[in-house]
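These are the residues of each chain, in order.
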Amino acid sequence: MTIHLLSADHRAQGLAAVSRLGGVSARLGPDLLRAVRGLDGALVLGTCNRLAILLDAPDDLPAETLRDDVTAFLAERSGSDRPVRLSLWSGRAAHYELFATAAGLESMVVGEREIAGQLRRALILATAEGTVTGALTRVVEHASAASRHVAARTALAGAGRSVVAVGLEIAARHLPPQGVRALIVGTGAYAGATVTALRNRGIHDIEVHSRSDRARDFAAGHCVRAVDGAGLRRSLALADLVITCRGLGAPVLTRELVSSAVRPAAHRGAGSVAAGGSPGLGHRLEPGGGAAADGGPLVVLDLALSRDVERSVGALPGVLLIDLPSVQRAVPDVEASQVDAARRIVAEEAASFERTRAGRRMDPVVRRLRSGVGAVVEEEISRLRTADGRVDAEEAARALHHLAARLLHHPTVAARAAGEAGREREYLAALDLVVGPEAAAGLRDGARPPAACPAHEALEDAGMAYGAADLPTIPTRRGRASAADAADQEGRTSTGVFEGPVADSPAPAPDPLPGALAERFAAPDGPERPARIPAFSGGRS
């Protein structure tokens, strides 16, 4: 399995190319899985300045072939005769690039936090569409964690580090100093962030409009007023600032709609906009443009990648249009040391993810180990003698010792074989990996292993001291040994799990149990009554 990241963004391919691809991103994940042979999973992240496609593919699928297939599919889907060549990262490079993207380091506004939420929503959508895999989920979750660490340990996520904030900074130069009325068109990913940014600037007279039915729910959740289709023209006429963030591929604010709303608003001062405009750009606002005269213009901030506002709106008298290219040119520089610090954090997180991922390669071994031990446990449970559906403490202790003998048989035989072959150092070194450094140190020094669970404490309280590093003795009850028990003592079982004698000199267990252990299993009536515990699952009488 290899993770690949294919991307078109504002830097490499440009906003125009990203806009073309963004218009065909709906249900792109499921369609890619059907169209591109060999893919196991897909996750699509679309923002105002990028389209990123995260793919889970078999190791033997060439990355360049995958890029060519996806590029051809997108070109056909968008109906373009100019395919957009996507940037490609694979394996570790893909993990690092995704982490850096989630941290806002590859965004138009470096350090912006909106991208982290967009990535989480992309994962939720991919899960709902059935295109996500475990590998994709793990890398996205780790990328989200890396983003949080960058935000907490650097100053990149400070005020002003977002597309919305930069856009509002430009718009503020042309708005009244107080009493600003704002209209948000759309309830997409940026709408909530826009409400917060407006309030941070002291703008509280906010309305929201959506062509869908979500405006009322959004308004209720954000304490703003909802505007339906019938009231849109009036709200446009009264607004000082309009912010669009739908990005659904078709303009919602047309020249006709805006001109009819602006025309009666004579107080806007149409001539002042023309004076501050840039030649050849109509009245679209450029960074550093002059402030509006008294009775300023209607400021329209279009944050959608695929325009929500027709270009010709920027040529209307009394209207200033701020679009994404304008925002891009106005992005403030960020301190280089903060970016360097963030990239170091991303590198640390990527290295941590690689270690975790390498460890997961042993998952099949772990599953087989647990399955094997589970099978041995089930066999031992099936051997328990029950009376009235219960197992007494002596029988349970015998079964546990027998289980320990079976589990420790091969390690013990291997230890002796290593000693005979002069490889004891290799065996002792391997103990660090298998049982952990602390326990291994005790075994090497001839000391008893540390108690790591209540079972060890119970044995200690019962006076069962650790002896030599050998197989434990299986306690048996005098006069009650079955033929199967005798066969076990000779190392012969019906399952053939181990061979040879269980211990060099097996000794019968004391009867009754040592006092401390017997007390732990004593019935409520007192220690004189035979100790019993409930039968294990799978026990048989």
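Residues numbered from 1 in each chain as written. Predicted model: local features only at pLDDT ≥ 70, side-chain atom pairs only at ≥ 80, totals over all residues. Heavy atoms only, no water.

**Describing the overall build of the protein chain**
Per the secondary structure count, the protein chain includes 21 helices and twelve strands. Put simply, the protein chain has 541 residues, and 45% of those count as buried. The contacts in the protein chain between residues at least 6 apart in sequence include a share of 73% that link residues at least 24 apart. Counting only carbon and sulfur atoms, one obtains 53% of the accessible surface of the protein chain, whose full area is about 27,000 Å². (Helix = DSSP H or I, 4+ residues; strand = E, 2+ residues; numbered from the N terminus. Buried < 20%, exposed > 50% of the residue type's maximum accessible area, 1.4 Å probe, protein only. Contact = heavy atoms within 4.5 Å. Areas by Shrake-Rupley, 256 points an atom, 1.4 Å probe, with all protein chains shown as cover.)

**So, a nonpolar patch on the surface**
On the surface, a cluster of nonpolar side chains totalling about 330 Å² of accessible area is made up of Met362, Val365, Val366 and Leu369. Take Val365: it is sitting in helix α15 (residues 363-383). (Patch = residues over 30% accessible without salt bridge, like charges linked within 9 Å, V, L, I, M, F, W, Y side chains within 5 Å. Salt bridge = Lys/Arg side-chain N within 4 Å of Asp/Glu carboxyl O.)

**Details of the sheet that holds strand β9 (residues 298-302)**
One open sheet accounts for six strands, arranged β7-β6-β5-β8-β9-β10; its pairing is parallel. Strands with a single pairing partner mark the edges of an open sheet, and in this sheet they are β7 (225-227) and β10 (319-322). Pairwise comparison of adjacent strand axes, ignoring direction, gives a mean angle of 20° for this sheet. Across five bridges, strand β5 (residues 181-185) lies against strand β6 (residues 205-209) in parallel orientation. Its bridge partner being in β6, Leu183 is matched across the sheet by Glu207. (Pairing = 2+ DSSP bridges. Axes fitted to C-alpha atoms, helices over the stretch in contact; angles between N-to-C directions.)

**Focus on the sheet that holds strand β4 (residues 87-90)**
The strand order across the open sheet formed by four strands is β2-β3-β1-β4, and the pairing between neighbours is antiparallel. Each edge of the sheet is formed by a strand with only one pairing partner; in this case those strands are β2 (41-46) and β4. Put simply, the sheet's adjacent strands are angled 15° from each other on average, direction ignored.

**Section: the environment of Val319**
Tracing the sequence through the fold places Val319 in strand β10. Separated by 22 residues in sequence, Val319 and Pro297 have C-alpha atoms that sit 5.2 Å apart.

**Digging into the confidence of the model for the protein chain**
Mean pLDDT over the protein chain stands at 76; residues scoring 70 or higher make up 74%. The low-confidence segment residues 451-459, where pLDDT is below 50, has six contacts with residues more than four positions distant or belonging to other chains. Every residue in residues 462-541 scores below 50 in pLDDT, and together they form 124 contacts with partners more than four places removed in sequence or on other chains. (pLDDT = per-residue confidence, 0-100.)

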